[in-house]
Amino acid sequence: MNVFDKITDLETVVSYSKHDRLVQGIINSINDKVLAPGDTLPSVNAMIRELGYSRETIMKGYRELTGRGIIEARNRLGYFVSGQSTEQLLKVALVMYNLDTFEEQFYRNFRQTLGPSISLQIYFHHGNIEVFETVLQSIRGQFGMYVIAPIPHPKSKELLDTIPRNKFLMFDRFEPLDGDFNHITQEFEKSSYQAFTELADDIRKFDEFVFFHSPDSLDPKEIAVSFKKFLKTHHIKGRIEKEFTAGTVERNKVYFTLDNFAMWEILKECKAKRLQPGKDVGILSHNDEPAKEFVGITTYSADFAAMGKMAAEAVLSREKVRTTIPTTLARRASL
């Protein structure tokens, strides 16, 4: 029996497509010792002649097996059985913004839940659409699964549409794409308004609610929409400033920022001016992390640890997932 027989044997499995038969037939050939590590697989042309499959089907199957680490391509020499077990599920590409503390919580739980047998390569786009495009072009076709934090940009949809839906998982921010696709993301507009509303009585104790948000930044614009709605609905005085300016912290103000650097600068200024957070000045931050808990900063945030664990479980199970991670308000001394 040869590899072609192993593939054609699966024609009795009605639910299998030609792609499924090709991939599983090669895996069965390896498991049944028809193919051994280092053996050369039939060429694409040989597969076409023997099976009658299209070139696209053969190439798609070989790319998947390559992404899963089961076979490897050698330049001009063809495809070979790798030395790795067919039980290795995937080579996974993780594309993130950067590695801030809260994103590190995602990564640590994602990596731990995947387990040591999964090959993981991490990339960063830093919110730059040119870098994002370059990263996606460089890794296309090389992995069995792509876990991607998208950029809110008109070009994102076009770039993400190049990733096969069955190998794609969106996380962190949600960007709309055509058709069904897997995602484990957070929501900003309703959750921000809910957090502000829960804090309304505390915010009213101060004279003004100040939000540092630049419309040119990558900060979610939905939060600014919720902020304005909250001020109007609850009749609270407030304003949006493009950025924090050193020396401007004043008594009886609530300061809200998504920028950790700005938050620490506000805290330093409070200390210099002997203003007590929570009493003389209010501070609210987005995206919780251990340092903020330790210092006592009130935050509202998605659970990035849970997001990372859930994303890894989705990768391992290959099951459909369309989930919005709940946002939780953490009341602490700063507000």
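The present account deals with the structure reproduced in this document. (Residues numbered from 1 in each chain as written. Predicted model: local features only at pLDDT ≥ 70, side-chain atom pairs only at ≥ 80, totals over all residues. Heavy atoms only, no water.)

Another aspect to go through is the sheet that holds strand E7 (residues 182-185). Taken in spatial order, the 6 strands make up an open sheet running E4-E3-E5-E6-E7-E13, and their pairing is parallel. Of all strands in the sheet, those with a lone pairing partner are strand E4 (119-124) and strand E13 (322-324), marking the two edges. Averaged over all pairs of adjacent strands, the angle between their axes in this sheet comes to 15 degrees, without regard to strand direction. Sheet topology places E7 next to E13; 3 bridges connect them, and they run parallel. Bridge pairing in E13 places Thr185 opposite Thr324. Packed onto the sheet, helix H5 (residues 101-114) meets strand E3 (91-96), E4, strand E5 (145-148) and strand E6 (168-172) and runs at close to 175 degrees relative to E3. (Pairing = 2+ DSSP bridges. Helix = DSSP H or I, 4+ residues; strand = E, 2+ residues; numbered from the N terminus. Axes fitted to C-alpha atoms, helices over the stretch in contact; angles between N-to-C directions. Contact = heavy atoms within 4.5 Å.)

With 13 residues, helix H11 (residues 260-272) extends 18 Å from end C-alpha to end C-alpha; this agrees with the ideal 18 Å at 1.5 Å per step. Every buried residue of H11 is accounted for by Asn260, Ala262, Met263, Ile266, Leu267, Glu269 and Cys270. In the core, the buried residues of H11 are packed alongside strand E8 (208-212), strand E10 (253-257), strand E11 (282-286) and helix H12 (290-295). For H11, the N-terminal capping position is held by Asp259, with its side-chain oxygen 2.9 Å away from the main-chain nitrogen of Phe261. Two residues or fewer past H11, Arg274 is found with a positive phi of approximately 55 degrees. (Expected span 1.5 Å × (residues − 1). Buried < 20%, exposed > 50% of the residue type's maximum accessible area, 1.4 Å probe, protein only. Polar contact = N/O pair within 3.5 Å; in protein donor to acceptor, adjacent residues only side chain to side chain.)

The subject of this paragraph is the sheet that holds E8. Strand order in the open sheet formed by 6 strands is E9-E8-E10-E11-E12-E14, and the pairing between neighbours is mixed. Sheet topology places strand E9 (238-241) and strand E14 (327-330) at the edges, where each strand pairs with a single neighbour. In this sheet, neighbouring strand axes are inclined to one another by 15 degrees on average, regardless of whether the strands run parallel or antiparallel. The pairing of E8 with E9 spans 4 bridges and is classified as parallel. Paired with Phe209 across the two strands is Gly238, which belongs to E9. The sheet contacts of H11 involve E8, E10 and E11, and relative to E11 the element is tilted by about 160 degrees.

Before going further, it helps to examine the packing of helix H8 (residues 189-198) against helix H10 (residues 221-234). Relative orientation of the contacting elements H8 and H10 amounts to 40 degrees, with a least axis distance of 8 Å. Crossing of H8 against H10: the hand is right-handed. Residue-level inspection shows Glu189, Lys190, Ser192, Tyr193, Phe196 and Thr197 of H8 in contact with H10, the latter providing Glu222, Ile223, Val225, Ser226, Phe227, Lys229, Phe230, Thr233 and His234. Broken down by class, the residue content of the contact of H8 with H10 amounts to 6 nonpolar, 5 polar and 4 charged. (Left-handed = near helix turned anticlockwise from the far one by under 90°. Nonpolar A, V, L, I, M, F, W, Y, C, P; charged D, E, K, R; others polar.)

Moving on, we get to the nonpolar core. Soluble, globular proteins show a tendency: their nonpolar side chains are buried together. Of all hydrophobic cores here, the largest spans 25 residues; its most connected members are Phe106, Phe110, Val147 and Leu169. Put simply, the parts of the chain that give this core at least two residues each are E3, H5, E5, E6 and helix H13 (304-317). With 6 residues, the top contributor of residues to this core is H13. Once residues within four sequence positions are removed from consideration, Leu169 is found in contact with Met145, Tyr146, Val147, Ile148, Asn182, His183, Ile184, Ala311, Ala314, Val315 and Val321. The next biggest cluster of nonpolar side chains, apart from the first, holds 23 residues, and it includes Tyr193, Phe227, Phe230 and Leu284. (Core = buried A, V, L, I, M, F, W, Y, C linked by side-chain atoms within 4.5 Å.)

Turning to the packing of H5 against H13, a few remarks are in order. Axis separation between H5 and H13 bottoms out at 7 Å; the angle between their running directions is 35 degrees. Handedness of the crossing formed by H5 with H13: right-handed. Along the contact surface, H5 presents Phe102, Gln105, Phe106, Asn109, Phe110, Thr113 and Leu114, while H13 presents Phe304, Ala305, Met307, Gly308, Lys309, Ala311, Ala312, Glu313, Val315 and Leu316. Looking at the contact of H5 with H13, its residues break down into 11 nonpolar, 4 polar and 2 charged.

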